[in-house]
Structures are given as structure tokens and as C-alpha cells.
Amino acid sequence: MELRATASPGTGPQRAPVRRRWAAIAGGVVVAALLLALIAGVLSARRVLSWGLRRITARVMTVLPADLPPARREELRRRLDCVVAEAEAGCADERRLGELARACSEAAAAGRVSPQALDQIELLAGALCVSSGGTLPN
């Protein structure tokens, strides 16, 4: 014996309830807003990176030893400015930027820049500036 489902009158395809339709529309709007936020975040990542780098390098400049000669202080400032400019332009290697930021963060966290840390920061900043297409100050 074979059973067949028969459609009773009035049970054809029904329209989705109004609430479901509004929920689907709201879900679509939320997904679109999240995609826009993601795109904006990706586009502003370079700006955020350079802003953070500028802040940490400025912090390093404030904790340099008091007896550091002004010429060396100015040289370091120019190298760090070069790196920040290259980061803003998107030319700097992010891995090497991370190394420089880490060295600067450690020096800033210590509250003073040791001679070894100063040498490391100068070396990293100079190499990063040149490899990114910038020019070292004279």
C-alpha cells in the first residue's frame, strides 16, 4: 500500500511572516555595516601603525640620557622621523618596524635608554630608513 501526501486546499507555499523578513533585512544591514568597518580598518591600519610608532619614538626621545651629545640626539630624532615617514608611506617592512617598536618600547618601559639600547635603536632605525627608500641624515 502506497501513501501519498495530498495537498489540502489553501496549504500552498506560504509567505514568510513579517518578523522574519524584517530580521533578514536587519541581518543584512548588520553584515554590510561590519564589512564596511572591516574595509575601513584595513585602510586605516597604516595610519594607526604610524601613529603608534610616532608615539613610542617620541617617548624614547624623552627618556634619552641627559649627557647624550645634542648632535647624536638630533641624529637619532632624524632617523626615527625617517622611519615614521616611511611607515606612513607604506614602504617600511612591518617585521622590521616591529623590531624597532619592541626595542623602543623596552627602552621606554625601563624609563631610560641604556647605551646598548641606544645603539640598537640607532642601528635599527638607520637600516630601516635606508631599506625603505629613505635617506639617512648627514
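Everything discussed here concerns the structure shown above.
Structural notes, computed from the coordinates. The numbering scheme is per chain: residues are counted from 1 as the chain's sequence reads. The model is predicted, so local features are restricted to residues of pLDDT at least 70 and side-chain atom pairs to those at 80 or more, both for listing and for counting; the totals for chains, interfaces and linings are taken over all residues. Each side-chain value is worked out from all heavy atoms of the structure, with water and hydrogens disregarded.

### Describing the state of the cysteines
When the sulfur atoms of two cysteines share a covalent bond, that bond is a disulfide. Filter applied, for reference: Pairs of cysteine sulfur atoms within 2.5 Å are identified as disulfides in what follows. Strands here are runs of E lasting at least two residues and helices are runs of H or I lasting at least four, both read from the DSSP assignment and numbered beginning at the N terminus. Burial status follows relative accessibility: with a 1.4 Å probe on protein chains alone, a residue under 20% of its type maximum counts as buried, one over 50% as exposed, and anything between as partly exposed.
Inspection of the entire model under this criterion finds one disulfide. The side chain of C82 participates in a disulfide bridge whose partner is C129; the two sulfur atoms lie 1.8 Å from each other. On the sign convention where negative means left-handed, the S-S torsion of about 75 degrees between C82 and C129 marks this disulfide as right-handed. With C82 in helix α2 (residues 70-89) and C129 in helix α4 (residues 115-131), this pair connects stretches of sequence that are 47 residues apart. You can call C82 buried: its relative accessible area is 12%. Of the residues examined, C129 reaches a relative accessible area of 0% and is grouped as buried.

### A short note on helix α3 (residues 94-110)
Which entries qualify depends on this criterion: By this rule the span expected of a helix is its residue count minus one, scaled by 1.5 Å. When checking whether two residues touch, look at their non-hydrogen atoms; a contact exists if any pair is within 4.5 Å.
The end-to-end C-alpha distance of α3, which contains 17 residues, comes to 24 Å, matching closely the 24 Å that a straight helix rising 1.5 Å per residue would cover. The inward-facing, buried residues of α3 abut α1 (18-62), α2 and α4. Directly after α3, the chain includes G111, whose backbone phi takes a positive value near 85 degrees.

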